[in-house]
Amino acid sequence: MNPLGMLAELTHRCPLGCPYCSNPLALEDRADEMDTATWVRVFQQAADMGVLQVHLSGGEPASRRDLIELTRAASEAGLYTNLITSAIGIDSDRLQRLKAAGLDHVQVSIQDTDPALSDHIADYNGAHARKLALAEAVTGLGMALTVNAVIHRANIANLSGMVALAASLGAGRVEVAHVQYYGWALRNRDALMPTREQIDQAMQEMDALQARYAGRLVIDSVIPDYYARRPKPCMGGWGQKSLNVTPSGVVLPCHAAATIPGLTFWSVRERSLADIWANSPAFEAFRGTAWMKEPCQSCSLQTACFGGCRCQALAITGDAAAADPSCELSPYHGHMQELAQQASGGAYAYRGRKESTAAPAR
């Protein structure tokens, strides 16, 4: 099976310092970024493989001066184009040019409904106002909008407010995206992790929100991994449905795969995307079910969850081939829940710059 989606990390540069960022602690340097022509070739190769959609991401993709050219190349290759943006660096004129270049969809992240708290989380004064302005411009041009509401300890009490904000902006979809603990988010786990009581309340709210907005707003939400009983099929399964290309051209089975030691990753600078997908040792490492240990190896749900997340298994157990500890059948399930319960809030280490600053309590 060939991939259906590709995450194109155009750059790791970003004006925001969000402490929940899942990008690696060692961000790729601007000097290592692929040039326009190489990305154009990658988009065409993706389309030739059968990829249907490309997510133009980062960092902040608007940091690339050639974003319009890259968007046009992806669109002309026949890919559905989704821009994942913080909104910083995209004014109404640039947005109109992106639409003319073939941009289909925009996803804007929202930290909170309160401007001061939102800007504090993003570590960027005025970010909230610019996010709202871009969201309104997107729907004003008749383009599809998704709001990505990243949920954590500091804003989970305002879940309903963030969904209401997404609806008021004209979004067709809102992702209630509980923080995934990789990269900077893992470093900030204690500051970001909600309490059990917060999660229980949020799940009750979600039931009411789903009913309230039925037929008007698609709301995507799942229980956070640290409080789950069953794992999600990470990325639809390792090497099953999607791939990730880093700014320098390294191709990963998932966003955080480079954290797993011993894997060999191939680059589009030297090999075709199709060759990497089919033959890369990294993609073969956890593809399918043959690699699984118990309890996954004999589990009837192994092809439903594919063992869950390899990077999370590594982070919690030290073994990337272990069962995802979010599964209640994992011997590490209790330990994972203990880690969640031990989280006590505290200070943020902001992405890429300040060591720490107080994390606000709502």
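Starting afresh in each chain, residues are numbered from 1 along the sequence in its written order. Where local features are concerned, this predicted model is filtered to residues with pLDDT of at least 70; where side-chain atom pairs are given and counted, the filter is 80 or more; whole-chain, interface and lining totals use all residues. With hydrogens and water set aside, each side-chain value is computed from the structure's full complement of heavy atoms.

We now examine the sheet that holds strand β9 (residues 251-252). A sheet is described by the order of its strands in space; here 9 strands give the open sequence β7-β6-β5-β4-β3-β2-β1-β8-β9, paired in mixed fashion. The open sheet has two free edges, formed respectively by β7 (218-221) and β9, since each of these has just one partner strand. Examined bridge by bridge, strand β6 (residues 173-178) and β7 share 4 bridges and lie parallel to one another. Residue pairing across strands places Val174 opposite Ile219, the latter belonging to β7. Strand contacts of helix α5 (residues 127-140): β3 (80-85), β4 (105-110) and β5 (144-151), with the helix running at about 155° to β4, the strand carrying the most contacts. Strand pairing is defined by DSSP finding a minimum of two bridges between the two strands. Secondary structure elements are defined from DSSP: runs of H or I of at least 4 residues count as helices, runs of E of at least 2 residues count as strands, and each element is numbered from the N terminus. Contacts: residue pairs with any heavy atoms within 4.5 Å of one another. The convention used is that axes are lines fitted to C-alpha atoms, helices contributing only their stretch in contact, and that angles between N-to-C directions extend from 0 to 180 degrees.

Quick look at the confidence of the model for the chain now. The pLDDT value expresses, per residue, how confident the predictor is, ranging between 0 and 100. Model confidence for the chain is summarised by a mean pLDDT of 93, while 97% of its residues fall at 70 or above. Predicted confidence for residues 354-362 stays below pLDDT 50, and this span has 30 contacts to residues more than four positions away or in other chains.

Here the focus is the pairing of strand β1 (residues 5-9). A simple rule labels every residue: compare its accessible area, found with a 1.4 Å probe on the protein chains alone, to the largest value its type can have, and call it buried under 20%, exposed over 50%, or partly exposed in between. When you tally the buried positions in β1, you get 5 out of 5 residues, the bulk of the element. Residues Gly5, Leu7 and Glu9 point to one face of β1 and Met6 and Ala8 to the other, with burial holding for every one of them. Taking the sense of rotation as the criterion, the β-α-β connection linking β1, helix α1 (residues 36-49) and strand β2 (residues 53-57) turns out right-handed. Relative to strand β8 (residues 242-245), β1 runs parallel, the two sharing 4 bridges. Bridge pairing in β8 links Gly5 to Ser242. Whether a crossover is right-handed comes down to one check: with the strands pointing away from the viewer, does the path from the first strand over the helix to the second run clockwise; if it does, it is right-handed.

Those residues of helix α3 (residues 92-100) that fall on the buried side of the exposure criterion are Arg94, Leu95 and Leu98. Take α3 and look down its axis: the buried residues cluster within an arc of 100°, on one side only. Looking at the buried positions of α3, the neighbouring elements they touch are α2 (67-76), β3, β4 and α5. Along the arc lie the directions from the helix axis toward the C-beta atoms.

For β5 and β6, the ladder comprises 6 bridges, and the chain directions are parallel. Bridge pairing in β6 links Asn148 to Glu175.

Bringing the environment of Leu95 into the picture now. Topologically, Leu95 is positioned in helix α3. Taking relative accessible area as the criterion, Leu95 reaches 0% and is therefore assigned buried. The spacing of Leu95 and Ala349 is 254 residues in sequence and 32 Å in space, taken between C-alpha atoms. Ignoring any residue separated from it by four or fewer positions in sequence, one finds Leu95 in contact with Ile90, Val106, Leu134, Ala137, Val138, Leu141 and Met143.

Another aspect to go through is the pattern of salt bridges. Each reported salt bridge corresponds to a side-chain nitrogen of Lys or Arg within 4 Å of a carboxyl oxygen of Asp or Glu. By the definition in use, this model includes 13 salt bridges. In this structure, the salt-bridge partner of Arg97 is Asp93, at a minimum N-O distance of 3.3 Å. With a gap of 4 residues between them, Arg97 and Asp93 both fall in helix α3, about one helical turn apart. We classify Arg97 as partly exposed; its relative accessible area is 42%. Assessed through its relative accessible area of 43%, Asp93 is described here as partly exposed. The closest approach of N and O atoms between Arg287 and Glu284, which form a salt bridge, is 2.6 Å. Ionic contacts of the salt-bridge type, sharing partners, join the residues Arg13, Glu33, Arg64 and Asp66 into one network.

One can find Asp324 in the loop between α13 (310-317) and α14 (333-342). Under the counting rule used here, the positive set is Lys and Arg, the negative set is Asp and Glu, and His together with the chain ends is not counted. The side chain of Asp324 is buried and forms no salt bridge, while Arg310, the nearest opposite charge, is found at 5.6 Å. Sequence-distant contacts of Asp324, defined by excluding residues within four places in its chain, comprise Pro231, Gly307, Gly308, Cys309, Arg310, Gln312, Ala313 and Ser330.

In this section: the packing of aromatic side chains. Any Phe, Tyr or Trp ring, taking Trp's six-membered ring, that has another such ring centre within 6.5 Å forms a pair; planes under 30 degrees apart are called stacked, those over 60 apart edge-to-face, and the others tilted. Summed over all chains, the structure comprises 6 aromatic pairs. Geometrically, the ring pair formed by Phe286 and Trp291 is edge-to-face, given 5.1 Å between the ring centres and 85° between the ring planes. Above the plane of the ring of Trp266 lies Arg271, whose end atom (NZ or CZ) is 3.6 Å from the centre. The rule is short: NZ of Lys or CZ of Arg within 6 Å of the ring centre and within 35 degrees of the ring normal puts a charge over the ring. One Lys or Arg, Arg287, reaches over the ring of Trp277 and ends 4.9 Å from the middle of that ring.

Before going further, it helps to spend a moment on the nonpolar core. If you look at the biggest cluster of nonpolar residues, it comprises 90 residues, and the most contacted ones within it are Met6, Phe43 and Leu273. Sequence-distant contacts of Phe43, that is, excluding residues within four places in its chain, are made with Met6, Ala8, Leu10, Val54, Leu56, Leu70, Ala73, Ala74, Ala77 and Leu79. Nonpolar core, defined: a set of buried Ala, Val, Leu, Ile, Met, Phe, Trp, Tyr and Cys residues in which side-chain atoms within 4.5 Å join the residues together. With 19 residues, the next largest nonpolar core counts Ala256, Phe286, Leu314 and Ala321 among its residues.

With that settled, the discussion passes to the packing of helix α6 (residues 159-168) against helix α9 (residues 196-212). Here α6 crosses α9 at 30°, and the two axes come no closer than 10 Å. Relative to α9, the element α6 lies roughly parallel. Classified by chirality, the crossing of α9 by α6 is right-handed. Note on element contacts: α9 touches α6 through Ala202, Glu205, Met206 and Leu209, opposite Leu159, Ser160 and Val163. Classes in brief: Ala, Val, Leu, Ile, Met, Phe, Trp, Tyr, Cys and Pro nonpolar; Asp, Glu, Lys and Arg charged; the others, Gly included, polar. Of the residues that constitute the contact of α6 with α9, the class distribution is 5 nonpolar, 1 polar and 1 charged. Convention used here: angles under 35 degrees read as roughly parallel, angles over 145 as roughly antiparallel, angles from 65 to 115 as roughly perpendicular, and any remaining angle as oblique. Take the far helix as the reference: if the near one is turned anticlockwise from it by less than a right angle, the crossing is left-handed, and if turned clockwise, right-handed.

Put simply, α2 and α3 touch, their axes get as near as 8 Å, and they point 25° apart. When the interaxial angle is binned, α2 and α3 end up roughly parallel. Of the two possible hands of crossing, α2 and α3 adopt the one that is right-handed. Across from Leu67, Ile68 and Thr71 in α2, the residues of α3 making contact are Arg94, Arg97 and Leu98. In terms of residue class, the contact of α2 with α3 is made up of 3 nonpolar, 1 polar and 2 charged.

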